Every structure is written in C-alpha cells, then in structure tokens.
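# Examination of the molecular architecture
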Amino acid sequence: MQAQNQDAQEFQLTLVLIKPDALKLSLTGYILSQLSETHTGLRFAAAKIVHVSRRLAEQHYAEHRGKPFYTHLINYIMGKSHYPDLPHRRRVIAIVYSGYDAVNTVRRIAGPTNPHEAREKAPGSIRALGTVVPIKDAEGRLISERLDNLIHASATPEEAEREIKLWFTPTDIMPFMRIYPTDYAQEHYYLSEEGLTTSWRPGCYCVVAAGELVWKSDLEALRLWRQGKPTPISLDAVIAKYLINTEQTPAE
Ligand code: GTP
Ligand code: MG
C-alpha cells in the first residue's frame, strides 16, 4: 500500500488541451487559474497554440475510431464545430504541466468526461461548465451527442507520455522537465505526396533533419520503417508533431 502511494506521488508530466469551446467561451483565463501553481503545485513545462490537423486529431483520438461520436469528436477538436466558417480561429492551447502526481491532480480539477455528470458529481470542476450537444440527422432525429467538455487531461502517466510525444517535440519542453528519452536523428526524413522518404525531391517537406533532437521512440519507429518492418507506433503519430502549424486545412 505504501509502495502504491509512493508510485502515485512520482514526478510526472501531463498534457492539458484547452479545447475550442473553452477558447470560444473565453474560459482560458479561468482554466489557467484553476490549474495555476498556487492551486495545484504544478509548473508549466511547455505550451503552444496549435491549429489541429486531421492527422493530429485522428492520432490523438485513435482509441475512439469507429465509435458513433468519433466524427463529431474529430470536428470538435479540430475547431470545425465551433468555427465552421472561420478556419483561422480554429485552435487549441496545448500545455504540459509538471510535478508530483500531476496526472491525477489535473484529472481531479478537470472533472468527469460528461459535463452533465460533472455538474452532478463535481460541481466545482472545470467540465461542470461544459455542455452536451445533441447531434441530429437531416430529418431532425437524434443520432449522437458531442461532449463539449472544455479541456483534455491525460488519464494515466502512460497516456501522458504517448500524448505529450504526439503534441510536442523534445525541444518544445524545457530541458530540466524532459523525462522521456531523446536522441539525435542521423538522417533527414521528408514528407512527399507519396508519403515518407529519406531523399529530397522538389515539393517535399523536411519532417526531421539530421542532427535534430527527437524522441527516441520516434527514431526507433523510423528505423524499423526503413527496414520495412512494422512500427510500434504509426508513422502519422511520429510525424504529426513535426508538422504542427505547418499544415493548413483550407479545404475542410
Ligand atoms: P479527454 O481528457 O478529452 O481524453 O477525456 P476523458 O479522458 O475524460 O475521456 P476519453 O478519453 O474516454 O474520451 C475522449 C473524448 O471523447 C471525451 O473528452 C469526449 O469528448 C469524447 N467521448 C468519450 N466518451 C464519449 C461518449 O460516450 N459519448 C460521446 N458523445 N463522447 C464521448
Ligand atoms: Mg482521455
């Protein structure tokens, strides 16, 4: 029991996303204040404003692919639900908080996933200020619902690692707070219309440059890909972070 408590108190990183509904409702200041060091003892390790690409959204919510609410969830995190006609307003604020028991601390302040449940069971939580949006078909029949719950918070330390490595490059995070292994890339990797490549052609975008500090797990996936072997994480999960704010979504 004591060992369990000690584990739960370890130094952790956790990912918070201030979602498009929170930005639209101007709740950013309130959320930052609820999560401030005075309230939580946690410190900022990294932060950025992200125009969420479909690639990043689908990787972030990969576990929900195929569920009835999936399409609405992707549109929500991409900002399309709240800004259908204003692509330039579609963004989330991605923040890494660091500290002891960071994951549970932020989850507690965030509250239950469903805002209706949050209102009943955790009235002071951030998600108690969210809403549940009914989704109807062309005939007005209820087909699904969207949980506009204002923030994302990593659920476990393992999930935090996967998510932080999906949204942030190592150099986005200040060195003293980087707890996941990194290494230097030894090759260039480019994205062309045909996919990933290691040789430059006109129109290619450089995803990772030789000499760049990257997550070791990304390098391992790229190494296996080079050998034609299955990769433990998808290539989209590897490259999405290196493309943040480079991809526009004009057609969407
Ligand atoms: P996040 O912090 O956003 O990851 O939420 P969570 O960890 O509390 O929940 P989970 O990871 O299971 O789900 C991710 C997101 O999918 C939620 O924030 C919701 O927006 C959405 N979601 C999850 N479960 C449901 C559901 O049963 N119905 C609907 N409509 N949306 C859901
Ligand atoms: Mg979750």
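Below or above, wherever it landed, is the structure these notes cover. Not measured: the values here are computed from a predicted model. (Residues numbered from 1 in each chain as written. Chains lettered and ligands numbered in written order. Predicted model: local features only at pLDDT ≥ 70, side-chain atom pairs only at ≥ 80, totals over all residues. Heavy atoms only, no water.)

In this section: the sheet that holds strand β8 (residues 189-192). Strand pairing in a sheet relies on backbone hydrogen bonds, with the paired strands running either antiparallel or parallel. Here we have 3 strands laid out as an open sheet, ordered β9-β8-β10, and antiparallel in their pairing. Of all strands in the sheet, those with a lone pairing partner are β9 (195-197) and β10 (205-208), marking the two edges. Each strand of the sheet is rotated relative to its neighbour by a mean of 40 degrees, with strand direction disregarded. Relative to β9, β8 is paired through 3 bridges, and the arrangement is antiparallel. (Pairing = 2+ DSSP bridges. Helix = DSSP H or I, 4+ residues; strand = E, 2+ residues; numbered from the N terminus. Axes fitted to C-alpha atoms, helices over the stretch in contact; angles between N-to-C directions.)

It is worth spelling out the nonpolar core at this point. Within the largest apolar cluster, 46 residues are counted, with the highest numbers of intra-cluster contacts made by V50, V52, L56, I164, W167, F168 and I173. In terms of residue count, the dominant contributor to this core is helix α6 (residues 70-77) (5 residues). Discounting chain neighbours no more than four positions away, the residues touching V52 are A57, I77, M78, V92 and W167. Counting 19 residues, the second largest nonpolar core, distinct from the first, contains A22, L23, I126 and I151. (Core = buried A, V, L, I, M, F, W, Y, C linked by side-chain atoms within 4.5 Å. Buried < 20%, exposed > 50% of the residue type's maximum accessible area, 1.4 Å probe, protein only. Contact = heavy atoms within 4.5 Å.)

We now examine the sheet that holds strand β2 (residues 43-50). The sheet built from 4 strands is open, its strands ordered β2-β3-β1-β6 with antiparallel pairing. Edge positions in the open sheet fall to β2 and β6 (151-153), since each of these has one partner strand only. Strand-to-strand twist of the sheet, defined as the mean angle between neighbouring strand axes without regard to direction, takes the value 20 degrees. As defined by bridge partners, strand β1 (residues 11-18) adjoins β6 across 3 bridges and the pair is classed as antiparallel.

So, about the site of ligand 1. Looking at ligand 1, there are 13 residues lining it, with R107, T113, R127, E145 and N149 nearest. Here an oxygen atom of ligand 1 sits 2.8 Å away from a polar atom, N or O, in the side chain of R107. Expressed as a share of its isolated accessible area of 590 Å², the protein-covered part of ligand 1 is 80%. Looking at the shell around ligand 1, the elements that each hand over two or more residues are β5 (142-148) and β6. The residue inventory of the shell around ligand 1, partitioned by class, reads 5 nonpolar, 4 polar and 4 charged. (Near = heavy atom within 4 Å. Polar contact = N/O pair within 3.5 Å; in protein donor to acceptor, adjacent residues only side chain to side chain. Areas by Shrake-Rupley, 256 points an atom, 1.4 Å probe, with all protein chains shown as cover. Nonpolar A, V, L, I, M, F, W, Y, C, P; charged D, E, K, R; others polar.)

Under the definition given, this model contains 14 salt bridges. For K48, the salt bridge is made with D172, and the minimal N-O distance between the two is 2.8 Å. Residue K48 is located in strand β2, and its partner D172 is located in the loop between α9 (157-167) and β7 (182-184); the two are separated by 124 residues in the primary sequence. The class for K48 is buried, based on a relative accessible area of 17%. D172 sits in the partly exposed class, given a relative accessible area of 31%. Two residues, E58 and R65, come together in a salt bridge whose shortest N-O distance is 3.8 Å. (Salt bridge = Lys/Arg side-chain N within 4 Å of Asp/Glu carboxyl O.)

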